[in-house]
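A closer look at the structure
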Amino acid sequence: MFFNGSACRNGAGAGVVLVPPDRQVLPFSFVLGETCSNNAAEYQALIIGLEMALDLKILQLEIYSDSKLIINQLLRIYNVKKEDLLPYHQYASCLLEKFD
């Protein structure tokens, strides 16, 4: 799974690409309903992708992103310092526990 989020003063969006073993690329994009930071948009993209994978009963997943902050926070290399990111981090961590 690849994910990316983006935010600007006019709005925010999320993108998720699922690539199953048969290599059929499944791209998805979403408009996020709230103004948020770029990092919050990245977390929301990750969460959407994880929820989609679980809905599709995909239990093994490799995750790719260009967001060094999000990946390193989830790997517990970085601490979550921004309080607004903490709920996203906690929920994403909970979702990740459901995968093999």
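First things first, this report covers the structure right here in the doc. (Residues numbered from 1 in each chain as written. Predicted model: local features only at pLDDT ≥ 70, side-chain atom pairs only at ≥ 80, totals over all residues. Heavy atoms only, no water.)

1. Some thoughts on the sheet that holds strand 3 (residues 26-32)
Two strands in a sheet stick together by hydrogen bonds in their backbones, pointing the same way (parallel) or opposite ways (antiparallel). If you trace the three strands from one edge of the open sheet to the other, you get 1-2-3, paired in antiparallel fashion. Here the strands that pair on one side only, and so sit at the sheet edges, are strand 1 (2-8) and strand 3. Direction aside, the axes of adjacent strands within the sheet are offset by 10° on average. Examined bridge by bridge, strand 2 (residues 11-18) and strand 3 share seven bridges and lie antiparallel to one another. Within strand 3, the residue paired with Val 16 across the bridge is Phe 28. Its contacts with the sheet place helix 1 (residues 38-55) against strand 1, strand 2 and strand 3, and it is angled at close to 145° to strand 1. (Pairing = 2+ DSSP bridges. Helix = DSSP H or I, 4+ residues; strand = E, 2+ residues; numbered from the N terminus. Axes fitted to C-alpha atoms, helices over the stretch in contact; angles between N-to-C directions. Contact = heavy atoms within 4.5 Å.)

2. Topic: the layout of surface pockets
As a volume, the largest pocket reaches approximately 310 Å³. Residue lining of the largest pocket: Met 1, Phe 2, Leu 18, Val 19, Pro 20, Pro 21, Arg 23, Ile 58, Gln 60, Leu 61, Glu 62 and Tyr 64, and that is the complete set. A per-class count over the lining of the largest pocket returns nine nonpolar, one polar and two charged. (1 Å grid on protein atoms, 1.4 Å probe; cavity = no way out; pocket = protein on both sides within 12 Å on 5 of 7 lines; lining within 4 Å. Points joined across faces, edges and corners; volume = space filled by probe spheres on them. Nonpolar A, V, L, I, M, F, W, Y, C, P; charged D, E, K, R; others polar.)

3. A closer look at unusual backbone geometry
Positive phi, normally seen in glycine, also occurs at Lys 57, with a value near 60°. With a phi angle near 65°, Arg 76 is a residue other than glycine that sits in the positive phi range. When you line up the elements, Arg 76 lands in the loop between helix 2 (68-74) and helix 3 (86-96). Classification of Arg 76 as exposed rests on a relative accessible area of 60%. (Buried < 20%, exposed > 50% of the residue type's maximum accessible area, 1.4 Å probe, protein only.)

4. As for the nonpolar core
Among the nonpolar cores identified, the biggest contains 25 residues, and Met 1, Tyr 43 and Leu 46 are the most heavily contacted of them. Of all elements in the fold, only strand 2, helix 1, helix 2 and helix 3 reach the threshold of two or more residues within this core. Counting residues per element, this core draws most heavily on helix 1, which supplies ten residues. What Met 1 contacts, discounting residues up to four positions off in sequence, is Val 16, Val 17, Leu 18, Leu 46, Gly 49, Leu 50, Leu 61, Glu 62, Ile 63 and Tyr 64. (Core = buried A, V, L, I, M, F, W, Y, C linked by side-chain atoms within 4.5 Å.)

5. What to know about the pairing of strand 2
Pairing analysis gives seven bridges linking strand 1 to strand 2, with the strands arranged antiparallel. Bridged to Phe 2 within strand 2 is Val 17. The loop that links strand 1 with its antiparallel partner strand 2 comprises two residues.

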